[in-house]
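Report on the structure
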Amino acid sequence: MKQAEFNEFLECNRMCISMELVTAVLGDHGQRPREDYVVVTAVTELGSGRPKFYETPDIIAFCRKWRLPTNHIWLFSTRRSVMSFFAAYDALCEEGTATPVCKTLDDIADISVPGSKNHVKVQGEILEGLVARIVSHESSKHMEHVLRDYPPPSSNGGDQHLGSCLREICAANRNDERQLIKALIDGVGPSFCPNSLDWFGHEASHSHSRNVGESVLDQFLSSRHADFSTEKLKEMFVIMKKSAVDFKCYHNFHKVNSVSSNNLHFKMVIHVRCDSAFRFYQEKMRCETGLWPLYRGFFVDLNLFKVDKERLAEFSKENNAMVEIGGDTNGASTKYGLADEDACLMIKLKFLTYKIRTFLLRNGLSTLFKKGPAAYKDYYLSQMKIWNTSHEKQKELRIMLDEWAESMQVKFGDRQLPSSTYLSEAEPFLEQYAKRNPLNQPLIGSAGSLVRTEDFLATVEGSEDVEGDLEPEREITSSSPAHLDNEAVKKDESLIVFFPGIPGCAKSALCEEILSTPGGLGDDRPVCSLMGDRIKGSRYWVKASEELCKRPCSILLADKNAPTEEVWRQIEDMCRSTKAYAVPVIPDSEGTESNPFSLEALAVFMLRVLNRVNHPGKLDKSSPNAGYVLLKFYHLYDGKSRREFESKLIERFGSLVKMPLLEPERSSIPESVRSILEEGISLYKLHTNRHERLVSKRKYANEWVKWEKQLQETLLGNAVYLNSIQVPFEFAVAKVLEQLKAIAKGQYAAPSTEKRRFGTIVFAAVSLPVSGILDLLENQQLIIGKDPKIEELLENMNLKSSLTKAHVTLAHKRSHGVTAVASYGPYLNQNVPVDITALFFSDQSAALEAEPGIVDGEKISSKNEWPHVTVWTAEGVAGKKANLLPHLFKQGKATRIDIKPPIRITGTLEFF
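Residues numbered from 1 in each chain as written. Predicted model: local features only at pLDDT ≥ 70, side-chain atom pairs only at ≥ 80, totals over all residues. Heavy atoms only, no water.

1. Some words on the sheet that holds strand 7 (residues 245–251)
In plain terms, the rule: At least two bridges found by DSSP between two strands are what make those strands a pair. Per the convention used, a helix needs a DSSP run of H or I reaching at least four residues, while a strand needs a run of E reaching at least two, with both numbered from the N terminus. To define axes, lines are fitted to C-alpha atoms, for helices over the stretch in contact only, and angles between the resulting N-to-C directions are given on a 0 to 180 degree scale. Residue contacts are defined here by distance: any two heavy atoms, one from each residue, within 4.5 Å place the two residues in contact.
Pairing is antiparallel in the open sheet, where three strands are placed in the order 7-8-9. At either end of the open sheet lies a strand with only one pairing partner, and these are strand 7 and strand 9 (297–305). Here the strands of the sheet are splayed against their neighbours by 25° on average, with no regard to which way each runs. Where strand 7 lies against strand 8 (residues 263–272), seven bridges are found, and the strand directions are antiparallel. Of the residues in strand 8, the one forming a bridge with H251 is F266. Strand contacts of helix 10 (residues 215–222): strand 7, strand 8 and strand 9, with the helix running at about 70° to strand 9, the strand carrying the most contacts. Seen against the sheet, helix 11 (residues 228–240) touches strand 7, strand 8 and strand 9 and runs at an angle of roughly 115° to strand 9.

And the structure:
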């Protein structure tokens, strides 16, 4: 009865319910669920115009009203709780499983709403991830009202036998797909599925709902839209056709009785196959603010019909009403896009223990069996690079994955292990791997009956130095963006230096300087250059690959602009095929909000081009459209801020070389220069909206001729200024050579791109300046003058070389728990005053007693029993032994010297 009532409600209100099905019958995925279950993920009112996506409290109310299952939901409605949430994820993302993640989120959330299904009972400990939605500041009040007005539905009758379960039905009908579908439909009953037309077609036609081809899509796009929703869908589809998106059309058998030559009914299924399609679409959304957001998959009922005058008038009236609901088509997206659009924004936060199983073990199987272990290694290293996996986890995973590859090849030989049942092999392998060493257990997360979350959370690495300040400086490297790994810099590999730049960025002049530098890049590899202006089109990178094959173990200067991600992919492919690694060299520029190059940089590049004579690529002062060509290159980077641009390059190639361009102390760009550039950018956008390339006979041809002339006059008239703001070329070359030589030697750390640290958070601490600690200890009047015994100790400590970092630990993940560490998230990167109140020392260690102060009116308290800064330990003594100094003092085995008044040193709260 309830189901029938629900069906009627959905039809009348044009509702769409999105659900996640978790089942073992469709193949292995992450961890095989213990029970098959489903949860609601989104509720949408299609309405008569724009869709309205329900906010989280409304989803809960809707599901509780209609007895629908929901996930566990946590609400973070204050800055403190939000910052703590992200800190908790960063600390847990490489080891987190269901029990510790849910416990931590319960501790730090402002409101926790348990799900209808207990994840551990129905799925197990392996947690795929979390979805974080941005909500309004009123959500907490809204949520409280919903939880008060909509209590959880009663479980009465929940133990009734409802017939065969999904796995039983599938097992009994596995050999006949049609029979299986019929058994499933019969199993859910007529209230849930009133008819089977979608699966078996209409009895009169005796045919299945077959794919009718993409011609329907073309008819749809060429037809006049009948209502506002159709207009918005057409806008989406026009853009999506240019990307990796599948459109499949089927006959709609529900409407078979109304089909005629002038009235056709179809169902269309849209599936976005590649993530690149989302990036492409998002760039379009920046320019066309009224576009509706794109989702991974959706479907529509499509009706193509011819209209008479009466029906046309009816649709025109409806359409006008819908536009009023949706907003003015010339307005902003908030007027005619989705309702409450901010509430639809979300991010996915996945956990490494899941990604290991799904992406590294399962998805890598085809590469392993078809191309071998070396290709599989390239695959999993590339995945870890994309995920920004911590260096330590990468080292652990390399060992485990190489062993997995070997065991699978030994067991299956040339027969490929089916990815749909891979867990039958993976789970026993993971359990045995964890059994070998307790330190392997955090990597596995959970497997079989052996590896349990509560066991590995209690595992503390006894050899770990949680202080770490007294360790000699080491280069902690990662093949995922932050550093170029020493292991990757080998003399039997080639190096490709390439240039994501714009004509005029001085790449050819730089290549000439590098070629003429005695000793090249500081090693014995030969240096060669390949000039792009002498090689036409896409042949360049093929030629570059051939050059590397002929000259292995060389350094290739790829003297060609490499502006797009498509080119970057070609370079990555070339690196894999020729055993090389690539280093991008970019002009240093502040950039704008939507472009990595500033207008000043663009003006400099244009002036350089206009000063050229007899350029091999014909782009010089004699070119009639030099300004247009540079604008075209400039817009190839459009949609990326400087930070996004640099982050993407470092993420893909592990390094980045910046070529100095503009003097830091310079006067503002003249208004005439800014104006002519902005005029050109506006003209370029008008032109490209109408044409894809420059054709003199097309519209705007006269405007281009006029603008090119004014551009030359303006830039040449301001040549003195534009030359004065550039750094000397010799200085720029020297800086580039310095960075390239460091890379060639493996001594290079890529510039920070301000990415959050995933999975590497172990403890929270206040980081103090070493210079302040040294000044305090060397102050004769404060310390040495009070106790002569310490002078000899300070001399023996050799602090200037042994003390490389200094911090006050606030909370440690292993000792105090993730919640304690995450609680410092709201104060991350803020200055914290620390009072140094005493010096403790023994013959084995020395430390300063510390008292953190107040930030934003709140006292920063350490969870450590004794907050301190370790400054010295004897050879072979672990830094954490300094924790014992107060106890040793009470036993008369250590000395305490009070510092009165306390010395205040300001540090920064950080995660380590």
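There's more to say after this.
2. A few points about the sheet that holds strand 19 (residues 845–852)
Spatial ordering of the open sheet is given by 17-16-23-18-19-22, a layout of six strands whose pairing is antiparallel. The open sheet has two edge strands, strand 17 (806–812) and strand 22 (868–873), and neither has a second partner. Each neighbouring strand pair of the sheet contributes to a mean axis angle of 35°, computed without reference to strand direction. Two elements, strand 18 (residues 831–841) and strand 23 (residues 895–911), share ten bridges in a ladder whose sense is antiparallel. In the strand pairing of strand 23, V834 is matched with I905. In the packing of helix 32 (residues 770–778) onto the sheet, contacts are made with strand 16 (763–768), strand 17, strand 18, strand 19, strand 22 and strand 23, and the angle to strand 23 comes to roughly 175°.

3. Focus: the packing of aromatic side chains
Spelled out, the test is: Ring pairs shown here join Phe, Tyr and Trp side chains whose ring centres sit within 6.5 Å, with only the six-membered ring taken for Trp; geometry is labelled stacked below 30 degrees between planes, edge-to-face above 60, and tilted in between. Categorising residues by exposure relies on relative accessible area from a 1.4 Å probe, with only protein chains included: less than 20% of the type maximum marks a residue as buried, more than 50% marks it as exposed, and the intermediate range marks it as partly exposed. Remark: a charge is flagged as sitting over a ring if the NZ atom of Lys or the CZ atom of Arg is within 6 Å of the ring centre and within 35 degrees of the ring normal.
In the structure shown here, the tally under the stated rule is 30 aromatic pairs. With a centroid separation of 5.1 Å and an interplanar angle of 40°, the aromatic rings of F9 and W66 are classed as tilted. Here F9 is found in helix 1 (residues 2–13), whereas its partner W66 is found in the loop between helix 2 (56–65) and strand 4 (73–75), with 57 residues between them in sequence. Judged by its relative accessible area of 22%, F9 falls in the partly exposed class. Looking at W66, the relative accessible area reads 6%, which means it is buried. Here the aromatic cluster, defined as three or more aromatic residues joined through ring pairs, consists of F6, F9, Y54, F62 and W66. Of note, R642 hangs over the ring of F597, and the distance from its end group to the ring centre comes to 5.6 Å.

4. Looking at unusual backbone geometry
Geometrically, the link from K900 to P901 is a cis peptide bond, its omega value of -5° lying close to zero. Within the element layout of this structure, P901 appears in strand 23. Of note in the backbone geometry, D856 takes a positive phi value of approximately 50° without being a glycine. Within the fold, D856 resides in the loop between strand 20 (854–855) and strand 21 (858–859). According to the relative accessible area criterion, D856 is exposed, its value standing at 62%.

5. As for the packing of helix 25 (residues 599–610) against helix 29 (residues 701–717)
Worth spelling out the cut-off: An angle below 35 degrees is read as roughly parallel, one above 145 as roughly antiparallel, one from 65 to 115 as roughly perpendicular, and any other as oblique. Only Asp, Glu, Lys and Arg are considered charged in this grouping, and only Ala, Val, Leu, Ile, Met, Phe, Trp, Tyr, Cys and Pro are considered nonpolar; every other residue, Gly among them, is considered polar.
Where helix 25 contacts helix 29, the two axes come as close as 10 Å, and the packing angle between them is 100°. Viewed along their axes, helix 25 and helix 29 adopt a mutual orientation that is roughly perpendicular. Across the interface between the two elements, A603, M606, L607 and L610 from helix 25 touch W707, L711, Q712, L715 and L716 from helix 29. When the residues that make up the contact of helix 25 with helix 29 are grouped by side-chain class, the tally is eight nonpolar, one polar and no charged.

6. Side note on the packing of helix 26 (residues 626–636) against helix 29
Packed helices, taken two at a time, are described by their axes: the angle between them and the distance between them. At a minimum axis distance of 8 Å, the contact between helix 26 and helix 29 shows a crossing angle of 90°. Regarding the angle of helix 26 to helix 29, the classification is roughly perpendicular. Across the interface between the two elements, A626, G627, Y628 and L631 of helix 26 pack against W704, W707, E708 and L711 of helix 29. Each residue belonging to the contact of helix 26 with helix 29 can be placed in one class, and the counts come to six nonpolar, one polar and one charged.

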